[in-house]
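# Working through the structure, step by step
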Amino acid sequence: MLTSQEKKELEIFACEIRKSTLTAIHSCGMGHIGGAMSMVEALAVLYGKVMHIDPKKPRMADRDRFVLSKGHCGPSLYATLSLKGYFPAEALTTMNQGGTILPSHVDRLKTPGVDYSAGSLGTGISVAVGSAVGARVTGGSYRTYCIVGDGECDEGQVWEAAMFCAQHKVDNLTVLIDYNKQQLDGWTKDICDLGSITEKFRQFGWYAQEIDGHDIGAIYEAIENSKACKGRPSVIVLNTIKGKGCSFAEAAGLCHHLPCSDEQYETEMKLLDEKIAKIRA
Ligand SMILES: Cc1ncc(C[n+]2csc(CCOP(=O)(O)OP(=O)(O)O)c2C)c(N)n1
């Protein structure tokens, strides 16, 4: 269990991730705000507490691996990596521009700390399975974590990976589903309804937990449970809100890809600073 101090620190880290995410998106004028914001607490817990990593040695052999299967949500991963010290914060304002180390979709050859490239939805989870099986084959001690979108779960490849993991008892992998209920152009239930994602994974032989995806303590506990589960793959379905923590995105409702004006940027930075001050108080 996290101490109250650890929880506070991770909540502040989450606010800082949101601020840096908006800095990157504002510099381009627009971006995938919704899905970048909904997974911030998961990133804060993974990079702030759980994962065995060393930003000074981004390719360290026994580092835990992370796959952002919904690779279009790079901005909040880049924010997290810059805050951890993988690269200077100044890089954030070059996102998506020529010569940048921060392309719109994650690319392992461009960004220090990005373990795997992604962007074609459905493929990242299979790469994560390969990473986990690779550890087993080579005797590696690392664990692989992977964030998948709920819209992404409409891709058949996700379920091929799920079947493979159950059959081969891939238990050194934790998949987190960012269940923000939206995808590019609408609500997932209206486009290709998944029913209960948690129950589906359970039926596919996985140890499946479903939690509030913005509750830092619950995320940490669920990840610890997943690590303790042997002989079965683990999934954590994170009930999230698309655009969470960015008031204009939350207010927009559907908020997959939005512009961010100077005024909106300033307002959000102020709100996040106020939130940080409140957590510290
Ligand atoms: C194979 C493939 N088809 C279509 C797209 C275009 N696309 C980019 S994001 C997106 C929606 C993804 O929704 P979800 O996985 O729920 O992500 P989130 O809502 O968290 O952003 C789509 C269809 C893509 N990147 N890859």
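Every value quoted in this text rests on a predicted model; they were computed, and no experiment measured them.

What counts and how
Residues numbered from 1 in each chain as written. Predicted model: local features only at pLDDT ≥ 70, side-chain atom pairs only at ≥ 80, totals over all residues. Heavy atoms only, no water. Helix = DSSP H or I, 4+ residues; strand = E, 2+ residues; numbered from the N terminus. Buried < 20%, exposed > 50% of the residue type's maximum accessible area, 1.4 Å probe, protein only. Contact = heavy atoms within 4.5 Å. Areas by Shrake-Rupley, 256 points an atom, 1.4 Å probe, with all protein chains shown as cover. Near = heavy atom within 4 Å. Polar contact = N/O pair within 3.5 Å; in protein donor to acceptor, adjacent residues only side chain to side chain. Nonpolar A, V, L, I, M, F, W, Y, C, P; charged D, E, K, R; others polar. Salt bridge = Lys/Arg side-chain N within 4 Å of Asp/Glu carboxyl O. Pairing = 2+ DSSP bridges. Axes fitted to C-alpha atoms, helices over the stretch in contact; angles between N-to-C directions. Expected span 1.5 Å × (residues − 1). Phe/Tyr/Trp six-rings, centres within 6.5 Å; stacked < 30°, edge-to-face > 60°. Core = buried A, V, L, I, M, F, W, Y, C linked by side-chain atoms within 4.5 Å.

### Structural notes on the overall build of the protein
- From N to C terminus, the protein includes eleven helices and nine strands.
- Each principal axis of the C-alpha distribution contributes one length, and for the protein these read about 50 × 45 × 40 Å.
- Of all 281 residues assigned to the protein, the portion counted as buried reaches 55%.
- Of the contacts formed within the protein by residues at least 6 apart in sequence, a portion of 76% connects residues at least 24 apart.
- Roughly 11700 Å² of accessible area belongs to the protein as shown, and the carbon and sulfur atoms make up 53% of that amount.

### Digging into the site of the ligand
- Taken together, 18 residues lie around the ligand, and Lys70, His72, Gly119, Gly151 and Lys242 are the ones closest in.
- Contacts to the ligand include His72, whose side-chain N or O atom sits 2.7 Å from an oxygen atom.
- Notes on the ligand: free accessible area 590 Å², of which the protein chains cover 78%.
- Residues belonging to the shell around the ligand are distributed by class as follows: three nonpolar, ten polar and five charged.

### Notes on the pattern of salt bridges
- The tally for this structure, following the rule as stated, stands at eleven salt bridges.
- A salt bridge links Arg18 to Glu41; the nearest nitrogen and oxygen atoms lie 2.9 Å apart. On the criterion of sequence distance, the pair formed by Arg18 in helix 1 (residues 4–28) and Glu41 in helix 3 (residues 40–50) is long-range, its members being 23 residues apart.
- For Glu41, a relative accessible area of 6% translates into the label buried.
- Put simply, Lys270 and Glu274 hold a salt bridge, and the shortest N to O gap is 3.7 Å.

### Quick notes on the sheet that holds strand 3 (residues 144–149)
- Spatial ordering of the open sheet is given by 2-3-4-8-7, a layout of five strands whose pairing is parallel. A strand with exactly one partner marks an edge of an open sheet, and here the two such strands are strand 2 (65–68) and strand 7 (207–212). Adjacent strand axes in the sheet meet at a mean angle of 20°, parallel and antiparallel pairs treated alike.
- Direction of pairing for strand 3 relative to strand 4 (residues 173–179): parallel, over a ladder of six bridges.

### Thoughts on helix 4 (residues 74–84)
- For helix 4, a buried count of nine out of eleven residues is recorded, marking the element as mostly surrounded by other parts of the structure.
- Its buried side turned inward, helix 4 meets helix 1, helix 2 (33–38), helix 3 and strand 2.
- Of the residues one or two after helix 4, Gly85 is the one with positive phi, at around 100°.

### A word on the side chain of His32
- In this fold, His32 is placed in the loop between strand 1 (30–31) and helix 2.
- Looking at His32, its side chain comes within polar contact range of the main-chain oxygen of His72, at 3.2 Å.
- Setting aside its immediate chain neighbours within four residues, His32 contacts Ile25, His72, His105, His256 and His257.

### Points about helix 9 (residues 216–228)
- With 13 residues, helix 9 extends 19 Å from end C-alpha to end C-alpha; this agrees with the ideal 18 Å at 1.5 Å per step.
- Within helix 9 the residues assigned to the buried category are Ile216, Gly217, Ala218, Ile219, Tyr220, Ala222, Ile223 and Ser226.
- Packed against the buried residues of helix 9 are helix 1, helix 3, strand 3, strand 4, strand 7 and strand 8 (234–239).
- By the N-cap criterion, in which a side-chain oxygen at the helix start approaches the backbone nitrogen of a residue two or three places on, helix 9 is capped by Asp215, the distance to Gly217 being 3.0 Å.

### Topic: the packing of aromatic side chains
- Applying the stated criterion to the full structure yields four aromatic pairs.
- Measuring from ring centre to ring centre gives 5.7 Å for Tyr47 and Phe66, while their planes differ by 75°; the resulting arrangement is edge-to-face. Taken as a pair, Tyr47 in helix 3 and Phe66 in strand 2 lie far apart in primary sequence, 19 residues in all.
- Arranged with centres 5.0 Å apart and planes meeting at 50°, the rings of Trp159 and Phe204 form a pair that is tilted. Within this pair, whereas Trp159 is found in helix 6 (residues 156–167), its partner Phe204 is found in the loop between helix 8 (197–203) and strand 7, the two being separated by 45 residues in sequence.

### Quick word on the nonpolar core
- If you look at the biggest cluster of nonpolar residues, it comprises 62 residues, and the most contacted ones within it are Ile33, Leu46, Tyr47, Phe66, Leu77 and Ile223.
- Ranked by the residues each element gives to this core, the list is headed by helix 1, at nine residues.
- Counting 26 residues, the second-largest nonpolar core is a separate cluster that includes Cys146, Cys165, Leu173 and Val235.

By themselves, these observations are geometric and do not establish any function.
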